[in-house]
Amino acid sequence: MIMDRKKSEGSKSIVDKSRLVDESGLNSRIVSFVTKWEFILVVLLLLEIVVFSNLTPHFLNTFNLLNTTFTFSEKAILALPMIFIILSGDIDISVAGIMALSSFAMGYASSQGAGTGVLVLIGLCVGVIAGLFNGLLVTGLNMPAIAVTLASMTLFRGISQAILEDQAYTEYPEKFGYFGQGYIGDSMVPFELVLFLVLAVIMGFVLHKTTYGRKLYAIGNSSSAANFSGISVNKVRLTNFVLNGLFAGIAAVLLTSRIGSTRPNIATGFELEVITLVVLGGVSITGGKGNIFGVVLAIFLLGYLKFGMGLLNISAKVMIITTGALLIIAVLIPGFMDSTKARNKLKRQQNLETTEKNLNKGIDE
Amino acid sequence: MAKPILQLENITKYFPGIRALDQIHLNIYPGEVHALIGENGAGKSTLVKIMTGVYQPTNGRILYKGNEVTFPNALDAQRAGIAAIHQEASMFPELTVTENIFMGHHSGKSGHVDWRSMKKRTKDLLDKMELDINPDSLIKNLSTAQRHMVEITKALSIDADVVIMDEPTSALTLKEVEDLYKIINQLKDAGKAILFISHKFDEIFSVCDAFTVFRDGRYIDSGRISDSSIDDIVKMMVGRSLDKMFPKKKAEITDTILEVRNLSKIGIFKDISFSLKKGEILGFFGLVGAGRTEVMRVLFGIDKKESGTILINGQEVVIHSPAAAMKQGIALIPEDRQDQGVIQDMSLTHNISLPQVDSLFPFGVLNKKIEDDLTREYGSLMEIKAASWDVNANTLSGGNQQKVVIAKWLATDPLILIMDEPTKGIDVATKAAVHSFVSEMAVKGLAVILVSSELPEVLGMSDRICVMHEGVITATFSRDEADSEKIIRAATGHDSIEEIV
Amino acid sequence: MRELIKKREFTLLLLIAVMLMLIVTQAPSFVSPENILRIINDTSILIMVSIGQFMVILTGGIDLSLASIIGFSGMAASMLNQYFPDLPVILILFAGMGIGTFLGLINGVLIAFGKVPPIITTLGTMSIFRGFTFVMSKGQWVTAHEMTESYMNIPHGSFLGLSNLIWAGVIVSLVMYYFMKYVRTGREIYAIGGNKVAALFVGVKENKINIIVYSLVGLLSGLAGVMWTARYAAAVNETAIGFELFTVAACVLGGVSIAGGSGTVVGVILGALFLGILTNALPVVHLSPFYQLGLQGVVILGAMIINTLSEKRNEKKLLNRRLQ
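Parameters at a glance
Counting restarts for each chain, with residues numbered from 1 along the sequence as it is written. Here the convention is simple: chains get letters from A, ligands get numbers from 1, in the order in which they are written. Under the rules for a predicted model, residues below a pLDDT of 70 receive no local features and side-chain atom pairs below 80 are neither given nor counted, while totals for whole chains, interfaces and linings still include all residues. Calculation of side-chain values draws on the structure's entire complement of heavy atoms; hydrogens and water are dropped beforehand. To qualify as a helix, a DSSP run of H or I must reach at least 4 residues; to qualify as a strand, a run of E must reach at least 2; elements of each kind are numbered from the N terminus. As defined in this context, the radius of gyration uses C-alpha atoms, and a globule is described by 2.2 Å times the residue total to the power 0.38. Each residue is assigned to one of three classes by its accessible area relative to the maximum for its type, calculated with a 1.4 Å probe on protein chains only: buried under 20%, partly exposed between the two thresholds, exposed over 50%. Residue contacts follow a heavy-atom distance rule, with two residues in contact if any of their heavy atoms lie within 4.5 Å. For the area figures, the Shrake-Rupley method with a 1.4 Å probe applies, and any residue is considered shielded solely by the protein chains shown. Charged-residue counts in this description rest on Lys and Arg as positive and Asp and Glu as negative, His and the chain ends being excluded. Each charge is placed at NZ for Lys, CZ for Arg, CG for Asp and CD for Glu. To get an axis, a line is fitted to the C-alpha atoms, and for a helix only the part in contact is used. The angle between two axes follows their N-to-C directions and goes from 0 to 180 degrees. The hand of a helix crossing depends on one turn: near helix anticlockwise from the far one by less than a right angle means left-handed, and clockwise means right-handed. Polar here means any residue other than Ala, Val, Leu, Ile, Met, Phe, Trp, Tyr, Cys and Pro, which are nonpolar, and Asp, Glu, Lys and Arg, which are charged; Gly is therefore polar. How sure the predictor is of each residue is captured by pLDDT, a score from 0 to 100. Only protein atoms enter the 1 Å grid used here, on which a cavity is any set of points holding a 1.4 Å probe that cannot leave and a pocket is any open set flanked by protein within 12 Å on both sides along at least five of seven lines; residues with an atom within 4 Å of a point are listed as lining. Grid points are joined across faces, edges and corners, and a volume is the space filled by probe spheres set on the points. Between Lys or Arg on one side and Asp or Glu on the other, a salt bridge is scored when a side-chain nitrogen of the former is within 4 Å of a carboxyl oxygen of the latter. Strands are labelled as partners when DSSP assigns at least two bridges between them. Two rings belonging to Phe, Tyr or Trp (six-membered ring only in the last case) form a pair when the distance between their centres is within 6.5 Å. Interplanar angles under 30 degrees mark stacking, angles over 60 mark edge-to-face geometry, and anything in between is tilted. By definition here, a helix of n residues has an expected span of 1.5 Å times n minus one. Note that the term roughly parallel is reserved for angles under 35 degrees, roughly antiparallel for angles over 145, roughly perpendicular for angles of 65 to 115, and oblique for everything else. A quick way to say it: buried area is the sum, across both parts, of accessible area lost when two parts are put together, with a 1.4 Å probe. Side-chain atoms alone can form a polar contact between residues adjacent in sequence; in general such a contact is a pair of N or O atoms within 3.5 Å, and within protein one must be able to donate a hydrogen while the other accepts it. Here, nonpolar core means buried Ala, Val, Leu, Ile, Met, Phe, Trp, Tyr and Cys residues that are tied together by side-chain atoms lying within 4.5 Å of each other.

Enquirer: Just to check I follow, could you spell out the overall build of chain C for this structure?
Expert: From N to C terminus, chain C includes 14 helices and two strands. In terms of overall dimensions, chain C is globule-like: its C-alpha atoms have a radius of gyration of 20 Å, near the 20 Å expected for 324 residues. Considering chain C as a whole, with its 324 residues, one finds that 57% of them fall into the buried category. The contacts in chain C between residues at least 6 apart in sequence include a share of 78% that link residues at least 24 apart. In the form shown here, chain C has an accessible surface area of approximately 13600 Å², with 69% of it arising from carbon and sulfur atoms. For chain C, the distance from the average site of its 21 positive side-chain charges to the average site of its 14 negative ones is 15 Å.

And the structure:
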């Protein structure tokens, strides 16, 4: 049934058909669906909702559920371009550094009396320039992204620290507060959340429906094969870094607006949380694999996990431990499932082989 | 007759989804050179890895010096006295020659590394092989041929009873090949057993005593070299005779489409000049590392040239990227199919449309139907065998993957098709299909450059043959005047172009 | 001699000399023996841990969790001292190293047998170890008056005029230099980073090397944890946060290739010293300590760019020599 024993000279290839095992059976299709990472994330998210809503009455409350998104919207927004970066095999550790620099620039401009529009523009521009700086070093000089962004992280935050020292900017125009604190109209829906969802839809479209997204997957799987296929690998990677800078600028606007102040240590540690979100969402750290859906699921999974544990008065430290463990498990389990699948396949092959031999024997006799 | 030193009985090896070896037999005797013959993909390299402890067999027994053994690790095989010259790049580029030779079996007591004695032994070994290489040089600073010689030295540094040589001559010059033969004879006289893997018949017939042939992971036959002819062995190896392999059709060769003048890249190749006409198949022959691939990379815009001009249809063109090369109608089927040709974890459809994503979808938005149509058209043309167009490329056999690569470039409708080792590692049937296909395309007016290390392929397919040696074109032959001896001499630097002219 | 000049360590040494000369024009006392010793004392911990990071980077990995290991083992050792003041400090020192080794071993096992990429593993354990530090301490600090005199003397005590901390740094440096150059396992670490396939062919076991390397980083971080808390006479929960980045910086400055396979212990020591001198020089040349972070960024980026460009030039030279 599974192995085609027909041997025609013409169809013989390096691996002739009889040496391959077919996998299109219904069973293996169900197994491959259930073991999909996004499926597991959905199950986990549902489980989380059921557990928390049974443990505390305050969990399943529309206002709470909406309002708590303030705590993770900026990181969620940062995760979107990080998908592109990691998917194409790079990494950017400097995002939080860019946010610090961008927030510093806005704080300074505000102290000089700039209006809300100008502040936002400055915030975004600084982000773009910083991203361009990273991208040019990575693609132009062909240096590893992890080393470059590690250094530029120190540099970006260092600039803001050198000038701001232990001071803070706290004066911002009143209107500026809307981005990080406001709601859409009279509803309970935070502006930050809507912005994130809109950006997620746009980035999802780019990733899955455009040639740009296709190129990202190609580069992440094999940058040399992509290059040999006529794709301008470095142009795409550079664009990714600029995009990442732009989004870091957006996140800086939101965060500065939300907390209403700028200190040199703003957004410290964000980079690692953002990378955690992306990996937890099923994007392979070595590139080439992953989708936006998984990451969005991971964002809500982790965000509401924190919220629920907070409601239950579980210490934030336990949360840190849980996040770290989830990150490792997110890679450990699919790897484990893959190797089990491969082992089962080997076993199946051998079993088939023996039954087939017996059959053949029977025919021969 | 002596007893075999190494016996493999009924060795079977599975990988998930594939049976690489199927009940293989092999007997190797001391004082003999045994040829292991088979096409790429026949399972030779897998067997080497089993003999050296890198892989474990799924079934079967290994008898070594009469006892059943297992080698759970490469070190165990080495300690038992089995050394191998691996085909794959198995060097540490950032480390010295000495360390490359001794890695895994450093000299010194209880884990301590005795550099002085290692260096001295390296010097002795290199002297014995008459190699002028500094033991302290980093491997990355050596030439390809030097690296291969170090690799050979490495295998000899272990006082092994069985030496496995997996295509040891692919990058060596004639002089070095002769040196290697000398070494092989010394080893033989010392009673060592040698397993010699090659698909070059002249080599096999000049150094080997016995042979075993594999095909598609199966044992076919074995015998004495002195009792066999090349034809017999070829038939066993490919399962048919060779005449059908090169179905060269007469194509009308018309205008010059590509002209290359004095193309140079410092340290890689120098003053490369040639021209290519419509309908012509131009062969490029040379040893590994002769600079053929590098010339093609420059023509396709992967690397930058240092000087020289490229003319297409008489117009000088600047090719600074693969995209620019594609605009000029150039397509390149790269040397390394696995890493450069296909994207393993992408579907066939996505692979085939990849070079043209920008021109197929001018607004940047993908359209599944357009892609599917393109794939169906060119995929069926190439007769790709796959469960569907949506399966990933890595589920296909090497031959079918190569068809995907050809399909993806054909879909761009090229004027000039550069094929770099297009039949490396693929089965005979696909090989013949690729050949007949190339021939047909030439008839239709396509200009083809065929880079190959397989002499029969170059001789069988080309209208003209350029031979490169150490970065220079040493000779150009027309189809009529070319023969294997002339080509080999030019490729190994025995004749400069002046002597030929 | 020409060989020596070509080496990266020599360039770095030259750079340090130039930097020292520039500082001396501002403050001659900077190069006084006492001050030099002070700088070495300040940099010893960085040197020890950076050598650990170097081994990891050599295999092609990275350890982001070592600062958390420093924090955890420092806290554990301090609490041991707090609750069992009669325990001999040498035991506490070994306990700290043992705990560090164990945490490193966890990383190693996840990487070797779980096949989780090093960056993910150590990113995860960075949070986990730090979280457990808080859980263990219940968020409390161990302060100077809760520590015994002898505990605080671990780094501060002196022998032959050098502080124990300097001795620790020197001993670790010498041992690790010997290990990486003259011990088979040390050389096999180079093999794994240089070419994994080739390493497999010659029987170097990748899993074994990974376990050893990550455990060793743990050991060194454990040692550093004890030294750190005893030196500053305080075990806080945030000990050494961000320190992992300084160790990577020291490696990069020391010429270690981030892709693995090349670098030397001497280079890393010099790289760490460079950072130490830079930090200590800021007040002397009248720059506010707030400049430190930014300057470090500039220096590391600069060093990387120079490295990359000089490597490209070398490659070109090499090609020029061939095919004349």
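Enquirer: Before we go on, may I ask you to explain the packing of helix 5 (residues 89–112) of chain C against helix 7 (residues 149–156) of chain C in this structure?
Expert: Packed helices, taken two at a time, are described by the angle their axes make and the gap between the axes. Residues and elements named next belong to chain C. In contact at an axis separation of 9 Å, helix 5 and helix 7 are set at 65 degrees when each is read in the N-to-C sense. The crossing of helix 5 and helix 7 is right-handed. Judged by residue contacts, Val89, Ile92 and Leu93 of helix 5 engage Ser150, Tyr151 and Ile154 from helix 7. Split by residue class, the contact of helix 5 with helix 7 holds five nonpolar, one polar and no charged.

Enquirer: I tried to follow the confidence of the model for chain A on my own but got confused; where do I start?
Expert: The predicted structure's coordinates, where accompanied by low pLDDT, should not be read in detail. Residue-level pLDDT values for chain A average 86, and 87% of them are 70 or greater. Segment residues 1–21 of chain A: pLDDT under 50, and 50 contacts once partners within four positions in sequence are set aside and those in other chains are kept.

Enquirer: Sorry if this is basic, but what is going on with empty space enclosed by the protein here?
Expert: Gaps left between atoms show up when a probe the size of a water molecule is rolled over them. Within this structure, the stated rule accounts for two cavities of 30 Å³ or more. In this structure, the largest cavity spans a volume of roughly 150 Å³. Considering the residues around the largest cavity, the lining is formed by 17 residues, among which B:Gln78, B:Ala84, B:Ile158, C:Phe201 and C:Val202 are closest to the centre. At the level of secondary structure, the elements contributing two or more residues to the lining of the largest cavity comprise helix 2 (74–80), strand 6 (82–85) and helix 5 (144–157) of chain B. Considered as a void within the structure, the second largest cavity measures approximately 40 Å³ in volume. Contributing to the lining of the second largest cavity are A:Phe228, B:Thr293, B:Met296, B:Arg297, B:Leu332, B:Pro334, B:Glu335, B:Gln340 and B:Asp420. Ranked by the residues each element gives to the lining of the second largest cavity, the list is headed by helix 9 (residues 292–299) of chain B, at three residues. The class makeup of the residues in the lining of the second largest cavity is four nonpolar, two polar and three charged.

Enquirer: Would you take a moment to explain the pattern of salt bridges for this structure?
Expert: Side-chain pairs of opposite charge can arise where the charged atoms are in close proximity. All names here are of chain B. Considering all chains together, one arrives at 33 salt bridges over all chains under this definition. Lys123 is the salt-bridge partner of Asp127, the closest N and O atoms lying 3.6 Å from each other. Of this pair, Asp127 and Lys123 both sit in helix 4 (residues 115–128), four residues apart, which is roughly one turn of the helix. Between Glu280 and Arg464 there is a salt bridge whose closest N-O contact spans 2.7 Å. Taken as a pair, Glu280 in the loop between strand 12 (269–277) and strand 13 (281–286) and Arg464 in strand 19 (residues 464–469) lie far apart in primary sequence, 184 residues in all. Connected through shared salt-bridge partners, Lys65, Asp159, Asp161 and Lys192 make up one network.

Enquirer: So what exactly am I meant to see when it comes to the environment of B:Phe214 here?
Expert: Residues and elements named next belong to chain B. Along the polypeptide, Phe214 turns up in strand 9 (residues 210–215). Residue class for Phe214 comes out buried when judged on its relative accessible area of 0%. Non-local contacts of Phe214, meaning those with residues more than four positions away in its chain, are made with Leu21, Ile24, His25, Leu36, Ile37, Gly38, Ala42, Gly43, Leu47, Tyr219, Ile220 and Met237.

Enquirer: Explain the pairing of strand 20 (residues 472–478) of chain B here, please?
Expert: Walk down a regular strand and you will see the side chains alternate between the two sheet faces. All names here are of chain B. In the sheet, strand 19 pairs with strand 20 via six bridges, with the strands oriented antiparallel. Bridging from a neighbouring strand, His469 pairs with Val472 of strand 20. Counting the residues in the hairpin turn of strand 19 and strand 20 gives two residues, including Glu470, whose phi is positive at 45 degrees.

Enquirer: Mind showing me how you'd approach the side chain of B:Lys192 here?
Expert: Inspection of the secondary structure assignment puts B:Lys192 in the loop between helix 6 (174–189) and strand 8 (193–197). Beyond its immediate chain neighbours, meaning those up to four positions away, B:Lys192 contacts B:Pro30, B:Gly31, B:Glu32, B:Asp159, B:Ala160, B:Asp161 and B:Leu187.

Enquirer: What should I look at first to understand the packing of aromatic side chains in this one?
Expert: Think of a pair of aromatic rings as described by two things: how far the centres are apart, and how the planes are tilted against each other in angle. All names here are of chain A. By the definition in use, this model includes 25 aromatic pairs over all chains. Taken together, a centroid distance of 6.4 Å and an interplanar angle of 80 degrees make the contact between Phe59 and Tyr304 edge-to-face. Pair noted here: Phe59 is in the loop between helix 2 (37–55) and helix 3 (62–67) and Tyr304 is in helix 14 (residues 292–311), with a separation of 245 residues, a long-range link. By relative accessible area, which is 1% here, Phe59 ends up buried. For the ring pair Tyr178 and Phe191, a centre distance of 5.2 Å and an interplane angle of 50 degrees mean the geometry is tilted. Within this pair, whereas Tyr178 is found in helix 8 (residues 178–181), its partner Phe191 is found in helix 9 (residues 191–209), the two being separated by 13 residues in sequence. Using a relative accessible area of 35% as the deciding quantity, one classes Tyr178 as partly exposed.

Enquirer: Would you mind showing me how to read the side chain of A:Thr116 here?
Expert: Residues and elements named next belong to chain A. Examined against the element boundaries, Thr116 turns out to sit in helix 6 (residues 116–140). Judged by its relative accessible area of 16%, Thr116 falls in the buried class. If we ignore the near neighbours within four places in the chain, the residues touching Thr116 are Pro173, Lys175, Phe176 and Phe179.

Enquirer: Would you mind showing me how to read the sheet that holds strand 14 (residues 307–312) of chain B here?
Expert: Sheet strands line up and pair through hydrogen bonds in the backbone, either parallel or antiparallel. Residue and element names in this part refer to chain B. Sheet architecture is open: four strands sit in the order 12-11-14-15, paired in antiparallel fashion. Only two strands of the sheet have a single neighbouring strand rather than two, namely strand 12 and strand 15 (315–317). The average undirected angle you get between the axes of adjacent strands in this sheet is 20 degrees. With five bridges joining them, strand 11 (residues 256–265) and strand 14 adopt antiparallel strand pairing. Opposite Ser264, over in strand 14, you have Ser307 as the bridge partner.

Enquirer: What is the right way to read helix 6 of chain A from this model?
Expert: Given 3.6 residues per helical turn, the α-helix brings residues three or four places apart onto the same face. Given a rise of 1.5 Å per residue, 25 residues ought to cover 36 Å, and the 35 Å separating the end C-alpha atoms of helix 6 of chain A matches this to within 8%. Just downstream of helix 6 of chain A, A:Asn142 is the residue with a positive phi angle, here 60 degrees.

Enquirer: I keep staring at the sheet that holds strand 19 of chain B and nothing clicks. Help me out?
Expert: Residues and elements named next belong to chain B. A sheet is described by the order of its strands in space; here six strands give the open sequence 16-17-18-13-19-20, paired in mixed fashion. Only two strands of the sheet have a single partner each, and these edge strands are strand 16 (330–333) and strand 20. Strand after strand, the sheet turns through a mean of 20 degrees between neighbouring axes, direction not considered. Sheet topology places strand 16 next to strand 17 (residues 416–420); four bridges connect them, and they run parallel.

Enquirer: So what exactly am I meant to see when it comes to the packing of helix 10 (residues 211–221) of chain A against helix 12 (residues 233–259) of chain A here?
Expert: All names here are of chain A. With their axes 10 Å apart at the nearest point, helix 10 and helix 12 run at an angle of 110 degrees to one another. The orientation of helix 10 with respect to helix 12, classified from their angle, is roughly perpendicular. Two secondary-structure elements touch here, helix 10 through Tyr212, Lys215, Leu216 and Ile219 and helix 12 through Val233, Val236, Thr239 and Asn240. Broken down by class, the residue content of the contact of helix 10 with helix 12 amounts to five nonpolar, two polar and one charged.

Enquirer: What is the right way to read the interface of chain A and chain C from this model?
Expert: For interface size, the figure often reported is the accessible area lost on association. Facing 38 residues of chain A, the contacting portion of chain C comprises 35 residues. Both sides together, the interface formed by chain A and chain C hides about 3200 Å², and carbon and sulfur atoms give 88% of it. Among the residues chain A hides against chain C, the three largest losses belong to A:Leu141, A:Ile321 and A:Ile328. Together they make up 17% of the total. At the junction of chain A and chain C, the tally comes to two residue pairs in polar contact (both at pLDDT 80 or more). Listing elements by their share of the side of chain A that touches chain C, those giving two or more residues are helix 6, helix 7 (145–164), helix 13 (270–280) and helix 15 (316–364) of chain A. The dominant element in the side of chain A that touches chain C, judged by the number of residues it contributes, is helix 7 of chain A, at 14 residues.

Enquirer: What am I meant to see in the nonpolar core here?
Expert: Generally speaking, soluble globular proteins have nonpolar side chains that are buried together. In this structure, A:Met99, A:Phe196, C:Ile45, C:Phe54, C:Met180 and C:Phe243 are the most contacted members of the largest nonpolar core, which totals 217 residues. Beyond its immediate sequence surroundings of up to four residues, C:Ile45 is in contact with C:Leu165, C:Ala224, C:Met227, C:Trp228 and C:Phe243. Counting 65 residues, the second largest nonpolar core, distinct from the first, contains B:Ala251, B:Ala325, B:Ile426 and B:Val451.

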